[in-house]
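The residues making up each chain are set out below.
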Amino acid sequence: MRFPLLRPRWLGIHLVAVIAVLGCFLLGYWQYERAQRPDRETVTNPVEDLAAAEDINALLEPGEYMPQDIANEAVTATGTYDAGQQLLSPALSPDGEEGYYVVVPLVTEDDAAVAVNRGWVPADAVDADGAIPPAPEGEVTVRGWLQLPQDEATKGYSAIVPEGQVPRISPALLVNKWPYRLYAGYVTLGEQTPQASAGTGALERIPPPDPPQEIVWNFTNLSYAAQWWVFGAAAVVFWVSLVRRELEERRSAREDDGGDGGRDSAADAGSLHPSAGTAAD
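These numbers were taken from a predicted model, which means no experiment stands behind them. (Residues numbered from 1 in each chain as written. Predicted model: local features only at pLDDT ≥ 70, side-chain atom pairs only at ≥ 80, totals over all residues. Heavy atoms only, no water.)

(A) Fine view of unusual backbone geometry. Here the residue pair T193 and P194 is connected by a cis peptide bond, since its omega of -5° sits within 30 degrees of zero. For P194, the location among the structural elements is in the loop between β7 (181–193) and α3 (219–272). Phi angles above zero are rare outside glycine, and N72 is one such case at about 75°. Positionally, N72 belongs in the loop between β1 (54–55) and β2 (74–81). Its relative accessible area of 3% is what places N72 among the buried residues. (Helix = DSSP H or I, 4+ residues; strand = E, 2+ residues; numbered from the N terminus. Buried < 20%, exposed > 50% of the residue type's maximum accessible area, 1.4 Å probe, protein only.)

(B) Quick look at the pattern of salt bridges. In this structure the tally under the stated criterion is five salt bridges. For E246, the salt bridge identified is with R9, shortest N-O distance 3.8 Å. Of this pair, E246 sits in helix α3 while R9 is found in helix α1 (residues 8–35), placing the two residues 237 residues apart along the sequence. Taking the relative accessible area as the measure of exposure, R9 reaches 53% and is therefore exposed. Among the salt bridges present, the one from E191 reaches R143, with a minimum N-O distance of 3.9 Å. (Salt bridge = Lys/Arg side-chain N within 4 Å of Asp/Glu carboxyl O.)

(C) Structural view of α1. Relative to the 40 Å expected for 28 residues at 1.5 Å per residue, α1 spans 41 Å between its end C-alpha atoms, a close match to the ideal helical length. Buried residues of α1: W10, H14, A17, C24, G28, Q31 and A35, and no others. (Expected span 1.5 Å × (residues − 1).)

(D) Representation of the packing of aromatic side chains. In total, this model carries three aromatic pairs according to the counting rule given. Seen in terms of ring centroids, W228 and F231 are 5.8 Å apart; in terms of plane orientation they differ by 90°. Their pairing is edge-to-face. One end of the pair is W228 and the other is F231, both in helix α3 and three residues apart, which spans about a single turn. The class for F231 is partly exposed, based on a relative accessible area of 46%. Three or more aromatic residues joined by ring pairs form one cluster here, namely Y29, Y32 and W229. (Phe/Tyr/Trp six-rings, centres within 6.5 Å; stacked < 30°, edge-to-face > 60°.)

Take a look at the structure:
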């Protein structure tokens, strides 16, 4: 056949090579796209205005899984603070100062409660009289932002804490401290009615930060993308080497056939004209 690279066997090899290269490119591009997406724990929803707050039960039920897409939603909840269960959670202020969040359960039903982050207090002021104003008594309505449970990467996180503290604001930990069914998230307090009684100090209300706007590269996925593209390049190199070897073998075969044919022709000519040799003698 004049074009050996178009034989059925080679057409199959070409097809496999194209599929391998295209697949590696697409998988690499998919990993490249994922490398630009935030981690699952990164909240990308903007912080909602408290004026748009809706009842927390419209978004979440006690013990129900909290999806990420409702983080930073403005919510309202009505219940009674269980002030005797108030805890401190180590946390850094936006300026990096050491301190604590004040966390208390707001009992909304007989056996259900939502964790409320009342605010932040500096570490050196915790023991001062009135540094933490008492929670209001009786029925309270709070408005705030629904937050995902804090993880171990939270600023100020400490794995070991003394009595009366909790390492981070996470219902998975608080359920061992409080005798209530808890909502999967917690509420960062924005405002409440009635207000807490005034004291010598006041808790600093720290609303949730705005979600990141810039691209945060995930280098694990980026390395996966590079690996897939390297595999694709290797497939191209392998295909090229197969083609070159096939062409070289064909060329060598033609050259061998040509040399043998020349020698055979000379021998045949000698046998057909024996007189030529006699004349030379």
